[in-house]
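Residues per chain, in single letters:
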Amino acid sequence: QVQLVESGGGLVQAGGSLRLSCVVSGRTFSSYDMGWFRQAPGKEREFVAAITGSGDRPYYADSVKGRFTISRDNAKNTVYLQMNSLKPEDTAVYCCAQRGAYFPRISTIPSEYDYWGQGTQVTVSS
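As the structure is a computational prediction, the values presented were derived from the model and not from experiment. (Residues numbered from 1 in each chain as written. Predicted model: local features only at pLDDT ≥ 70, side-chain atom pairs only at ≥ 80, totals over all residues. Heavy atoms only, no water.)

(A) Spatial organisation of the sheet that holds strand β7 (residues 68–73). Strand order in the open sheet formed by 4 strands is β1-β3-β8-β7, with antiparallel pairing between adjacent strands. Strands at the two margins of the open sheet, each flanked by one partner only, are β1 (3–7) and β7. The mean angle between the axes of side-by-side strands here comes to 15°, regardless of whether they run parallel or antiparallel. Across 5 bridges, the pairing between β1 and strand β3 (residues 18–25) is antiparallel. Paired with Gln3 across the bridge in β3 is Ser25. (Pairing = 2+ DSSP bridges. Helix = DSSP H or I, 4+ residues; strand = E, 2+ residues; numbered from the N terminus. Axes fitted to C-alpha atoms, helices over the stretch in contact; angles between N-to-C directions.)

(B) The pattern of salt bridges, seen in detail. A complete count under the given rule lists 4 salt bridges for this structure. Between Glu46 and Arg38 there is a salt bridge, and its shortest N-O distance comes to 2.6 Å. Given a relative accessible area of 5%, Arg38 falls into the buried group. Each of Arg38, Glu46, Arg67 and Asp90 takes part in a single network of salt bridges with overlapping partners. (Salt bridge = Lys/Arg side-chain N within 4 Å of Asp/Glu carboxyl O. Buried < 20%, exposed > 50% of the residue type's maximum accessible area, 1.4 Å probe, protein only.)

(C) Up close: the nonpolar core. Core analysis: the largest hydrophobic core is formed by 31 residues, its most contacted members being Trp36, Leu81, Met83 and Tyr94. Those elements that provide at least two residues to this core are β3, β4 (34–39), β5 (46–51), β7, β8 (78–83), β9 (92–98) and β11 (120–125). Considering every element that reaches this core, the biggest residue donor is β5, with 5 residues. Non-local contacts of Tyr94, meaning those with residues more than four positions away in its chain, are made with Glu6, Leu20, Trp36, Phe37, Arg38, Val48, Phe68, Leu81, Met83, Gly119, Thr120 and Val122. (Core = buried A, V, L, I, M, F, W, Y, C linked by side-chain atoms within 4.5 Å. Contact = heavy atoms within 4.5 Å.)

What follows is the structure, given as C-alpha cells:
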C-alpha cells in the first residue's frame, strides 16, 4: 500500500530551475529516510540526495552539491528536490525512494531503499 508519486519534471533550459515533489502514502512518513536518485539512458542509477526522517541531515552527491536542495514536509508527507543552475548532464529520470526500516546512517545505495516512485523526466537543453 506504500506509494510514492513524483511530479515537477519537465523541459528546462540550462541554467534554469525545477522543483520536484514526491508525495508518500500508505505508512507513517516521518520515520523513514528519503532519497532522490536519477538514471540517464545507458547509465547506472546514481544517488542525488537524501534526507533523514526528521529532516535535520541532508546529504548530497558531489555533482549536485550547491545546486540542489532536498527538503521534506512531514505534515504533507512530501519530500522535495529543488534543482537550480541545471546542466545538460542533469538530464535523467528522477525517482524518489524510501527506506523500509530504521537505520543509523543515510544510504546512497539504491538497493538499500525499499519503496520507489515511478519517476519523472527532467530534460535540460543546452
